[in-house]
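One-letter residues, chain by chain:
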Amino acid sequence: MEGPLEPEELSSRLFRHTPSEEENLRGNAANVFEGRPKRVVNGIDSFVLSTERMDRMLDEVPSSPDIDTATLLHVKKTTRFQYHPMHVHNWIEFGYVFSGTCRQHVNDSTYDLIKGEVILIDTNVPHSIEPLGEDDIYLSLVVEKSYLNASFFNRLARKSILSEFFVNAINDRARHSSYIIFHSSDSHRVPLFFNELVCEILDPSLNSESIVDNLLSLIINELINVYRRDYFNETKEGGRFSILPVLTYIEKNYRDCTLESTAEHFAINPNYLTTMLKEQTGQSFKPLVQTQRLNTAARLLSNSSISVEEVASRVGYANMSFFYRKFSDRFGMTPKEYRDQTLISA
């Protein structure tokens, strides 16, 4: 029995010339999107791609029919040595520079992505790719929008107020410009997780669906970390007040912190703190504390056998009726129902 696809073998496979690349090197490059329909998007004439007509994997590797997510998650290597003209698609794309560089034009902007960087491109965003060279490998992780929305961002957002802040920030930026570049070239985790994900998709193991799901979750979590660093640098360079230390403080002191004690800790006026919280998170102090308490309660319910009453007490609730009401408002079910659902899905 052959062993699983290893990252070293993956690298060799990716650098191997595909038939299309061989034709391009012989000077026989064709329009990569020939025969596809076109329409004007954001004032740009663009080819229209859809998952129904997409080559679903690397040229020589078919999609696995054994993975339920196979129709929702694909990987494709961008063909080298030819121009990929302006196009839009009906999926979300995580573009990853496996090796070398990649120059992309997105709407009316140009970006030179380097090894290890990731670009998240939403549906219906015109973009093109300049010809890639011998050492340039650009992978597209193609994700159906329904798969990403249902499985990941909502789940990640409920871990803490800090993760919720960054998930919302990423969503807001994506809604505004429809793409985000993650400066992840110095992250050691992004290439590790991406390589393992691609290997698993191309050579599925016994529990492939769960592995793929969790690897994508790990990638997004690491991209949130990268975005957090970029956000901190942007606020620091711009001389703006950063709310991140405040959110971190609330995460650690949610049981007994108050607006006044938090403002005193940071040596700022409580009214100014309220203004900054509303401006940068859309919420005031009390709802943020409430969210952190409820997220922690949900985690305790999922990962321990302590009673609901003890959970409420640990996160700072003395009034059980109030706790039940707030928990149901946030999660749409009682604490017991939440615990039972977690046990069923585990």
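The shown structure was predicted, so the numbers you read here are calculated from the model rather than taken from an experiment. Each chain has its residues counted from 1, running along the sequence as written. Totals for whole chains, interfaces and linings use all residues, but because this is a predicted model, local features are given only for residues with pLDDT of at least 70 and pairs of side-chain atoms are given and counted only at 80 or more. Hydrogens are left out, water is left out, and the side-chain values use all remaining heavy atoms of the structure.

A word on the overall build of the protein chain. Starting at the N terminus, helices and strands are each numbered in turn, a helix being any DSSP run of H or I of at least four residues and a strand any DSSP run of E of at least two. Counting its secondary structure elements, the protein chain contains 13 helices and eleven strands. Residues counted as buried form 49% of the 346 residues belonging to the protein chain. Carbon together with sulfur atoms contributes 49% to the accessible area of the protein chain, which is approximately 17,200 Å² in total. Here's how the labels work: a residue is buried when its accessible area is under 20% of the maximum for its type, exposed when over 50%, partly exposed in between, all with a 1.4 Å probe on protein chains only. What sets the accessible areas is the Shrake-Rupley method with a 1.4 Å probe; for residues, cover comes only from the shown protein chains.

What follows concerns the pairing of strand β6 (residues 101–106). Here six bridges tie β6 to strand β7 (residues 109–114), and the two strands are oriented antiparallel to one another. Counted as the bridge partner of threonine 101 is isoleucine 114 from β7. By the convention used here, strands pair only if DSSP detects at least 2 bridges between them. Pairing between β6 and strand β9 (residues 127–129): three bridges, direction antiparallel. Opposite glutamine 104, over in β9, you have isoleucine 129 as the bridge partner.

The five strands lie next to each other as β3-β10-β5-β8-β11, forming an open sheet whose pairing is antiparallel. Bordering the open sheet on either side are β3 (73–77) and β11 (179–182), each of which pairs with just one other strand. Averaged over all neighbouring strand pairs, the angle between strand axes comes to 15°, with direction disregarded. Contacts between residues were defined by any pair of non-hydrogen atoms, one from each residue, lying within 4.5 Å. Lines fitted to C-alpha atoms define the axes, with helix axes restricted to the stretch in contact, and inter-axis angles between N-to-C directions lie between 0 and 180 degrees. The sheet contacts of helix α1 (residues 7–15) involve β3, β5 (92–99) and β10 (137–143), and relative to β5 the element is tilted by about 95°. This element, helix α5 (residues 189–202), spans β3, β5, β8 (118–121) and β10 of the sheet and lies at about 110° to β5.

Pairs may arise between side chains of opposite charge once their charged atoms sit close together. The rule for a salt bridge is simple: a side-chain nitrogen of Lys or Arg has to be within 4 Å of a carboxyl oxygen of Asp or Glu. Within this structure, the stated rule accounts for twelve salt bridges. The partner of arginine 80 in a salt bridge is glutamate 21, with the nearest N and O atoms 2.9 Å apart. Of this pair, arginine 80 sits in the loop between β3 and β4 (84–89) while glutamate 21 sits in helix α2 (residues 19–25), and the two are 59 residues apart along the sequence. Note on glutamate 21: relative accessible area 0%, which makes it buried. When the shortest N-O distance is used, the salt bridge between aspartate 45 and lysine 38 registers 3.1 Å.

Let's shift gears to the confidence of the model for the protein chain. A residue's pLDDT is the confidence the predictor assigns to it, expressed on a 0 to 100 scale. Averaged over every residue, the pLDDT of the protein chain is 84; residues scoring 70 or more account for 84%. Predicted confidence for residues 55–70 stays below pLDDT 50, and this span has 38 contacts to residues more than four positions away or in other chains.

All right, on to the environment of glutamate 144 then. Relative to the helices and strands, glutamate 144 resides in the loop between β10 and α3 (145–157). You can call glutamate 144 buried: its relative accessible area is 18%. When the C-alpha atoms of glutamate 144 and histidine 74 are compared, they prove to be 9.0 Å apart, with 70 residues separating the residues in sequence.

A sheet is described by the order of its strands in space; here six strands give the open sequence β1-β2-β4-β9-β6-β7, paired in mixed fashion. The sheet is open, and its two edges are formed by β1 (38–41) and β7, each paired on a single side. Averaged over all neighbouring strand pairs, the angle between strand axes comes to 40°, with direction disregarded. The pairing of β4 with β9 spans two bridges and is antiparallel. Across the sheet, residue histidine 87 finds its bridge partner in β9, namely histidine 127.

A helix is expected to reach a length of 1.5 Å times the quantity of its residues less one. For helix α9 (residues 270–281), built from twelve residues, the straight-helix expectation of 16 Å at 1.5 Å per residue is met to within 8% by its first-to-last C-alpha distance of 16 Å. Burial in α9 covers these residues: Leu273, Met276, Leu277, Gln280 and Thr281. Axial view of α9: buried residues confined to an arc of 100°, hence all on one face. Projecting away from the buried face of α9 at angles above 90 degrees are the exposed residues Asn271 and Glu279. Positive backbone phi, approximately 80°, marks glycine 282, located one or two places after α9. The directions considered for the arc are those from the helix axis to the C-beta atoms.

This part takes up the nonpolar core. Phe94 and Leu141 are the most contacted members of the largest nonpolar core, which totals 55 residues. Counting residues per element, this core draws most heavily on helix α6 (residues 208–237), which supplies ten residues. Only buried residues count toward a nonpolar core, which is a set of Ala, Val, Leu, Ile, Met, Phe, Trp, Tyr and Cys residues joined through side-chain atoms within 4.5 Å. Judged by nonpolar contacts, the second largest core, of 15 residues, contains Tyr254, Val311, Phe323 and Phe331.

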